[in-house]
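Summary of structural features
Spelled out from the first residue to the last, the chains are:
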Amino acid sequence: MSTLLKDHTTFRLGGPCRELRTVRSTDAAVRILERWTATGRPWLPLGGGSNLLVDDEGLPGHSILHLAPSPLPLAFPEHPDGEGGSPASHPFWAGTSLDALAAAACAAGLAGLEDFSGIPGTLGGAACGNAGAFGHSLSDVVAAVDLWTPARGLHTLPAAALGYAYRSSALQRPPLFPCAVLRVHLALVPSPGGPAPLLARRAEILALRAAKHPDTAQVGTAGSYFKNLPPAEPGGRRQPAGALLDAIGAKSMRVGGAYVFPKHANIFVTDPATATAADVHALADRLSSAVLDRFGISLVPEVRPWPPAPTKG
Ligand SMILES: Cc1cc2nc3c(=O)[nH]c(=O)nc-3n(C[C@H](O)[C@H](O)[C@H](O)COP(=O)(O)OP(=O)(O)OC[C@H]3O[C@@H](n4cnc5c(N)ncnc54)[C@H](O)[C@@H]3O)c2cc1C
């Protein structure tokens, strides 16, 4: 029986794939990827499915490698200070929940992940899309990734080779795509004040998110749909796409079972009983056309489409 991808995405949308294999370790992932590649089977990696819009037709020809958290406890290095002034980096399984890792790092007194508290999904997904919040991106703390590609198998690339930019990386585009990130090396630094300030920051961020975001137990969502815009002046802050969307009346817009979250014009939500991926695409097209007509600005989706459009970055 084929697996429905809507059961693996936070939008709760998406048709069938050929097969879905859940892995919890690098060795297990490599074994499966080698087998699929030897048989010429197309595959894609999946983390928490929290940044994905999978078509209603699904990907019936594709095998999906689902990276899930390891049952092993999270371990941090005993001496994270490193040498020569730069922090040591430590590898973590890419299927680790980013939020669980942020919680554990805060409790261990290691700084660098606290601002990513509450971002759903896996460390690997965050490393590919360069997830971030509050002016920080995961690339701030990524030292390297261990990735598997059909051409090179398992190998390590330093962050400098990953083409990191705002909510994007070279991992999303050929020649690295398709690849599976299996471990992410993070450089976390001991907090001078110990765990307390990190835990306080985490609590503050979780409260902000709870007030601002939809209740994912009730509705489908993938967070912000479009990327924010470049700063108006060099060194300035990014301009929120939500402000433009608000100005064109997005908060009252709906297509079928997909609509804009009333508290945040850049967040789309779906009614799990009625929405289709086609509804979300149509809503996104309607909104981006209205922004283009009114402001002459083309919005770029942050949510990744499946089937993928890797060359669009
Ligand atoms: C309520 C809510 C709030 C959110 N808030 C934020 C936020 O503040 N900031 C932010 O940046 N994002 C946010 N997001 C979006 C999302 O959580 C992040 O983009 C997250 O990092 C995606 O990780 P994932 O494991 O779910 O990736 P998936 O959705 O599973 O995958 C996304 C893409 O990455 C690829 N991919 C996933 N794992 C791997 C891997 N190991 N190797 C290679 N490719 C891989 C997939 O093939 C796919 O193309 C939010 C989403 C929700 C639902």
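Residues numbered from 1 in each chain as written. Predicted model: local features only at pLDDT ≥ 70, side-chain atom pairs only at ≥ 80, totals over all residues.

Strand order across the open sheet formed by four strands is S1-S2-S5-S3, with mixed pairing between neighbours. Strands at the two margins of the open sheet, each flanked by one partner only, are strand S1 (3-4) and strand S3 (43-46). Here four bridges tie S3 to strand S5 (residues 59-67), and the two strands are oriented parallel to one another. Residue pairing in the sheet places Leu-46 in a bridge with His-66 of S5. Set on the sheet, helix H1 (residues 26-38) makes contact with strand S2 (16-23), S3 and S5; between it and S5 the angle comes to about 160°. (Pairing = 2+ DSSP bridges. Helix = DSSP H or I, 4+ residues; strand = E, 2+ residues; numbered from the N terminus. Contact = placed C-beta atoms within 7 Å. Axes fitted to C-alpha atoms, helices over the stretch in contact; angles between N-to-C directions.)

Pairing in this open sheet of four strands is antiparallel, and the strands run S6-S12-S10-S11 from one edge to the other. One side of each edge strand has no neighbouring strand; the edge strands of this open sheet are strand S6 (90-93) and strand S11 (153-158). Across the sheet, the mean angle from the axis of one strand to that of its neighbour is 25°, orientation sign disregarded. Pairing of strand S10 (residues 142-149) with S11 involves six bridges; the strand directions are antiparallel. By the bridge assignment for S11, Trp-148 is matched with Leu-154. Lying on the sheet, H1 is in contact with S6, S10, S11 and strand S12 (180-186); it crosses S12 at an angle near 155°.

Let's shift gears to unusual backbone geometry. What you tend to see is this: most non-glycine residues have negative phi, and most peptide bonds are trans. Following Pro-174, the chain continues into Pro-175 via a peptide bond in cis, with omega recorded as 10°. Secondary-structure assignment places Pro-175 in the loop between S11 and S12. Look at the link from Phe-177 to Pro-178: it is a cis peptide, with omega at 0°. Positive phi outside glycine occurs at Arg-12, with the angle close to 60°. Topologically, Arg-12 is positioned in the loop between S1 and S2. A positive phi angle, close to 50°, is found at Arg-167, a residue other than glycine. Relative to the helices and strands, Arg-167 is located in the loop between S11 and S12. Its 20 C-beta neighbours within 10 Å are what place Arg-167 among the buried residues. (Buried ≥ 20, exposed ≤ 12 C-beta atoms within 10 Å, placed from the backbone.)

Our focus in this paragraph is the domain arrangement of the protein chain. According to the domain assignment, the protein chain contains domain 1 (3-67), domain 2 (90-200) and domain 3 (214-312). Its C-alpha centre places domain 2 at a distance of 25 Å from the equivalent point of domain 3. Counting residues at the interface gives six residues for domain 2 and four residues for domain 3. Residue classes in the side of domain 2 that touches domain 3 are distributed as three nonpolar, one polar and two charged. (Domains from an automatic or database assignment. Nonpolar A, V, L, I, M, F, W, Y, C, P; charged D, E, K, R; others polar.)

As a further point, take the site of the ligand. Lining the immediate environment of the ligand, one finds 35 residues, of which Gly-47, Gly-121, Gly-124, Gly-125 and Gly-223 sit closest. Breaking the shell around the ligand down by element, the ones donating at least two residues are S3, helix H3 (123-129), strand S8 (132-133), S12 and strand S14 (220-224). Examining the composition of the shell around the ligand, we find that five residues originate from one element, H3, more than from any other. When grouped by side-chain class, the residues that make up the shell around the ligand number 18 nonpolar, 16 polar and one charged. (Near = placed C-beta within 6 Å.)

The next thing to look at is H1. In a regular helix each residue adds 1.5 Å, so 13 residues correspond to 18 Å; H1 covers 18 Å between its end C-alpha atoms and thus fits that length. Regarding H1, the residues found buried are Thr-26, Ala-29 and Leu-33. The buried residues of H1 occupy one face: seen down the axis, they fall within an arc of 60°. In this structure, H1 carries Asp-27, Arg-35 and Ala-38 as exposed residues pointing more than 90 degrees from its buried face. At the exit of H1 stands Gly-40, carrying a positive phi of roughly 70°. (Expected span 1.5 Å × (residues − 1). Arc of directions from axis to C-beta.)

Quick look at the nonpolar core now. If you look at soluble globular proteins, the nonpolar side chains tend to sit buried side by side. Judged by nonpolar contacts, the single largest core of 81 residues is most densely connected at Ala-127, Val-181 and Val-280. In this structure, Val-181 is in contact with Ala-94, Gly-124, Ala-127, Cys-128, Val-145, Leu-147 and Leu-171, ignoring residues within four places of it in sequence. (Core = buried A, V, L, I, M, F, W, Y, C linked by C-beta atoms within 7 Å.)

Further remarks concern the environment of Met-253. Position of Met-253 among the secondary structure elements: in the loop between helix H5 (241-247) and strand S15 (254-255). Each C-alpha atom of the pair Met-253 and Leu-283 lies 7.7 Å from the other, and the pair is 30 residues apart in sequence. With residues up to four places along the chain from it excluded, the contact list for Met-253 reads Tyr-259, Val-260, Leu-283, Arg-286 and Leu-287.

Let's shift gears to the pairing of S5. When S2 meets S5, the two strands line up parallel, connected through six bridges. Pairing of Leu-20 across the sheet is with Ile-64, part of S5.

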